[in-house]
Amino acid sequence: MSSKVEKQDVLQAVVVASFFHKNFWPAAGKDDSCLVPMVNKPLLYYTLDLLESSGIVDVVLFCSSCSTDRIKTFVRDTSFHRLNVTYSSSDTCRSFGDVLRHLDACALIRNDFVLLWGNVIGKLSLLPLVKQFKELRQRDKGAVMTLIYQQGNSDTGQTLVLSSDSHRVLFHNKSRGKINLPLELVLNETVQIRRDLLETNIAICSTAVPPLFADNFDFQTKDDFVKGLLINEEILNSTLYVHIIDKGYVNEVFDWPSYQKASHDILHRWSYPQVPEIIDKYSLRYGNVYFGENLKLALTCDVGNDTVIGSDSIFGNGTSIFKSIIGKNCNIGNNVVIENSYLFNGVNVKDNSVIQYSVIGENCLIKENSTIIDSCILGSNVVIESTTELKQKQLCSSNFNNKMIKLSPKAYVYDAENDSDSDGEQETSGLRYHKKSCSSYSYSSSDNDDTASIVASIPDDTCMFYSEVVDSLIRGFEDHVHCDNLILEINSSRYAYNINYREANFQVIRAMLTLNNKAELKALNQVRYYAQLQSQLDYFMPVLKNYIKNMDSCEDCLSAIEDVAKCEDMLNTVVVKVIHHLYDMNVLSEESILKWHQKDEDGPFSKIIRDKTSKLVEWLKDAEEETDSDDSS
């Protein structure tokens, strides 16, 4: 009997599925943002899966009235057989605090419960945390909430002062920069000052939490609740605690940059078991490529790393997809380029179009020769006419407020500046995007402004890996660090940022060729530049041979040389000497150079660099023929 009572006490969760913001608009509204596809599964799926895998049975799911039917249909059609979901909705709730007051009025909370938004992904054992919270309440009758944080690796911008013994919250501040701490905080007990904790949007709550919101109408957000309890702790007789996760993976998705990061984490399998081939029917290929069922891909279609292609999709000749997630039933034409973008179900992209760092909503039609780049967000059913060029635009299929700019009969551009009904305090951030660049100073020198044009100024993992390799090589060359130690450093960075070996080969060669900043390059003539570069390559020869040791890695090396030479004039003048030197040092094989030279590449520079190396290639062929004739004699 006691086990049944204990089971009833712990197995309840409240999921707030209305986000009260328009961060995902126009791809989704504030009422149904929990259904935004994340790797072709609604965001809410990951939250409910986390609860089910944790042993939670009873779930109270709050949603707005206008989205209730869609959410009910999704939950019914998804295999959450062990969850007993109770739906609650209201048209009057305008904030998180209103939801808690509504739940208090409905008397839906019976016991201690897990409180979270419908935007949480990952895996976390919740039952032990609920058990710890119950034990905590035996010691502290005023304990009303345990906030779940994840251990971060850097300054997250918020400050928490915790009691060292109990992890009780003594101070909370989300302001960046310097803060003023009350002196009495550190006089009476030992404390921890933490600025490295990441939000998970999960909390373990007592039944006292909804009444506290009901009694305090100025509590509109969770931060308001935390601040109010800390200021009025003695009056309200309520205390807050923190639990810090140092293992596993939990993340919250609240805008497009966090959506982009979480998608990357899922594809790179940090969120296991919430990975594509487990949560849906995909086959995993090399390079974090996931293929759905019944695909039709042309033989000349190029699918790059970190890509998901949903079932029943069609791709034409010469089409290239790189670091993108394509929904189900998509039809992509010939010679289309899709990079770092998210296409939802039913999207149709016609020939010769380019989509980069953008989100394309369900059932959109992109006609021929269109270009959509740099954080464009398209709502459902938008039709883009031929030869259209879009950059950093938000589009809807209808002029719902009569204040939008008509682009075509089913494409209207949202203009926030002229929309008096928009929330002026809300900032909408788009996908992070980077302009292509090849020089090391593009990441490490402050005098370069062209490289990282970023909506949110956080570089991606590849850029971070490249930057760390550059730093290691510069320090290694100047301080004469043994190359074995440099290899260990580079491998450590590679594993930290989950870089595959082909990408590591490419970035290591790029780093070796770009150790000079702009000022240093200007001070060098061609002879001095090549002498210095050759000296560096000879010093790093053990590192080179550690990474470049087969045909694939030779291809990566030559691609990196070509990529850097395209952007760096000084290297371009000595590129033949560099390739020849690497051949002489047995880094590049004769076969790999000939294969690279014969490879058809688009663009004028590819033809120029191959013309430059023609004499070297002829020399290699002649040497090969002489060797063959000597062998035959």
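Higher on the page you've got the structure.
These figures come from a predicted structure and were not determined experimentally. Residue indices follow the written sequence of each chain, beginning from 1 at its first position. Residue-level local features of this predicted model are given only where pLDDT is at least 70; pairs of side-chain atoms are given and counted only at 80 or more, and the full residue set underlies all totals for whole chains, interfaces and linings. Based on all heavy atoms of the structure, the side-chain values leave hydrogens and waters out of the count.

### Quick look at the overall build of the chain
(1) Moving on: The way it works is that DSSP assigns letters per residue, a run of H or I at least four long becomes a helix, a run of E at least two long becomes a strand, and they are numbered from the N terminus. A tally of regular secondary structure across the chain gives 24 helices and 36 strands.
(2) Moving on: Per-residue burial for the chain yields a buried fraction of 53% across its 633 residues.
(3) Moving on: When contacts within the chain are restricted to residue pairs at least 6 apart in sequence, those whose partners lie at least 24 apart make up 56%.
(4) Moving on: As displayed, the chain has an accessible area near 29500 Å², and 47% of this comes from carbon and sulfur atoms. Whether a residue is buried, partly exposed or exposed follows from its accessible area with a 1.4 Å probe, protein chains only, as a fraction of its type maximum: under 20%, in between, or over 50%, in that order. Contact definition: two residues touch when any of their heavy atoms are within 4.5 Å. Reported accessibility uses the Shrake-Rupley method at a 1.4 Å probe radius. Residues are deemed covered only where the shown protein chains occlude them.

### With respect to the packing of aromatic side chains
Each aromatic ring pair is described using two quantities: the centre-to-centre distance and the angle formed by the ring planes.
(1) Moving on: Any two of the Phe, Tyr and Trp rings considered here, Trp counted by its six-membered ring, make a pair once their centres fall within 6.5 Å; the pair's planes then place it as stacked at under 30 degrees, edge-to-face at over 60, or tilted in between. Considering all chains together, one arrives at 19 aromatic pairs under this definition.
(2) Moving on: Arranged with centres 5.3 Å apart and planes meeting at 45°, the rings of Tyr 45 and Phe 80 form a pair that is tilted. One end of the pair, Tyr 45, is in helix α2 (residues 43–53); the other, Phe 80, is in the loop between α3 (68–77) and β5 (84–89), and 35 residues separate them in sequence.
(3) Moving on: Relative accessible area serves as the criterion here: at 10%, Tyr 45 is assigned to the buried category.
(4) Moving on: Ring geometry for Phe 477 and Tyr 539: centres 5.6 Å apart, planes at 90°, overall edge-to-face. Taken together, the residues span a long stretch of sequence, with Phe 477 in helix α13 (residues 461–479) and Tyr 539 in helix α17 (residues 526–539) at a distance of 62 residues.
(5) Moving on: The partly exposed category is assigned to Tyr 539, whose relative accessible area is 25%.
(6) Moving on: Members of the aromatic cluster, joined through ring pairs, are Phe 19, Phe 20, Phe 96, Trp 117, Phe 213, Phe 219 and Phe 225.
(7) Moving on: The ring of Tyr 466 carries Arg 510 above its face, with NZ or CZ at 4.2 Å from the centroid. Note on geometry: a ring has a charge over it if NZ (lysine) or CZ (arginine) is within 6 Å of the ring centre and within 35 degrees of the ring normal.

### Concerning the environment of Gly 97
(1) Moving on: Structurally, Gly 97 can be placed in helix α4 (residues 96–106).
(2) Moving on: Exposure remark for Gly 97: the relative accessible area of 0% places this residue in the buried category.
(3) Moving on: Ignoring any residue separated from it by four or fewer positions in sequence, one finds Gly 97 in contact with Phe 213, Phe 219 and Gln 220.

### Observations concerning the environment of Leu 170
(1) Moving on: Looking at the element boundaries, Leu 170 is found in strand β10 (residues 169–173).
(2) Moving on: The buried category is assigned to Leu 170, whose relative accessible area is 16%.
(3) Moving on: C-alpha separation for the pair Leu 170 and Ile 193, spaced 23 residues apart in sequence, amounts to 9.9 Å.
(4) Moving on: Non-local contacts of Leu 170, meaning those with residues more than four positions away in its chain, are made with Val 161, Leu 162, Ser 163, Leu 185, Glu 189, Val 191 and Leu 230.

### Description of the nonpolar core
(1) Moving on: Counting 97 residues, the largest nonpolar core has Leu 48, Leu 51 and Phe 225 as the members making the most contacts within it.
(2) Moving on: If you tally residues by element for this core, the top one is α2, at 7 residues.
(3) Moving on: With residues up to four places along the chain from it excluded, the contact list for Leu 48 reads Val 59, Leu 61, Phe 74, Val 75, Phe 80 and Leu 83.
(4) Moving on: Buried Ala, Val, Leu, Ile, Met, Phe, Trp, Tyr and Cys residues form a nonpolar core when they are joined through side-chain atoms within 4.5 Å. In this structure, Val 469, Leu 486, Leu 521 and Val 543 belong to the second largest nonpolar core, which totals 57 residues.

### What about the packing of helix α15 (residues 501–512) against helix α19 (residues 551–567)?
(1) Moving on: In this description, a line fitted to the C-alpha atoms serves as the axis of each element, helices being fitted only across the stretch in contact, and the angle between N-to-C directions of two axes falls anywhere from 0 to 180 degrees. The interhelical angle for the contact between α15 and α19, taken along N-to-C directions, is 40°, at an axis separation of 8 Å. What the angle tells us is that α15 and α19 run oblique. When you trace α15 past α19, the crossing you get is right-handed. Residues Tyr 501, Arg 502, Asn 505, Phe 506, Ile 509 and Arg 510 of α15 form the contact with α19, whose participating residues are Asp 552, Ser 553, Glu 555, Asp 556, Cys 557, Ser 559, Ala 560, Ile 561, Asp 563 and Val 564.
(2) Moving on: Here the residues of the contact of α15 with α19 sort into 7 nonpolar, 3 polar and 6 charged. Under this scheme an angle from 65 to 115 degrees is roughly perpendicular, one under 35 degrees roughly parallel, and one over 145 degrees roughly antiparallel; angles in between are oblique. Helix crossings get a hand from a simple test, with the near helix turned counterclockwise from the far one by less than a right angle marking a left-handed crossing and a clockwise turn marking a right-handed one. Charged means Asp, Glu, Lys or Arg here, nonpolar means Ala, Val, Leu, Ile, Met, Phe, Trp, Tyr, Cys or Pro, and polar covers whatever is left, Gly included.

### Things to note about α15
The α-helix winds at 3.6 residues per turn, so residues separated by three or four positions along the chain end up facing the same way.
(1) Moving on: In this model α15 runs 17 Å from its N-terminal to its C-terminal C-alpha over 12 residues, within 8% of the 16 Å that 1.5 Å per residue would give.
(2) Moving on: The element α15 is extensively covered by neighbouring structure, given that 9 of its 12 residues are classed as buried. Each helix should span, by expectation, one fewer than its residue count multiplied by 1.5 Å.

### Description of the sheet that holds strand β15 (residues 283–285)
Adjacent strands of a sheet pair through backbone hydrogen bonds, lying either parallel or antiparallel.
(1) Moving on: For two strands to be treated as a pair, DSSP must find no fewer than two bridges joining them. Read across the sheet, 10 strands follow the order β15-β16-β19-β22-β25-β28-β31-β34-β36-β35 without closing on themselves; strand pairing throughout is mixed. The open sheet terminates on both sides in strands that have one partner only, identified here as β15 and β35 (405–408).
(2) Moving on: In this sheet, strand β31 (residues 377–378) lies alongside strand β28 (residues 359–360) in parallel orientation, the contact comprising 2 bridges. Counted as the bridge partner of Ile 360 is Leu 378 from β31.

### With respect to the sheet that holds strand β13 (residues 239–245)
(1) Moving on: Strands sit in the order β5-β4-β1-β6-β12-β8-β13 across an open sheet of 7 strands; the sheet is mixed. Looking at strand neighbours, the two that pair on one side only are β5 and β13, the edges of this open sheet. Taken pair by pair, the neighbouring strands of this sheet meet at an average axis angle of 25°, ignoring direction.
(2) Moving on: Pairing analysis gives 6 bridges linking strand β4 (residues 58–63) to β5, with the strands arranged parallel. From the neighbouring strand, Val 59 faces β5, where its bridge partner is Val 85.
(3) Moving on: Here helix α8 (residues 222–231) sits on the sheet and contacts β8 (143–151), β12 (197–205) and β13; the angle it forms with β8, its principal contact strand, is near 125°.

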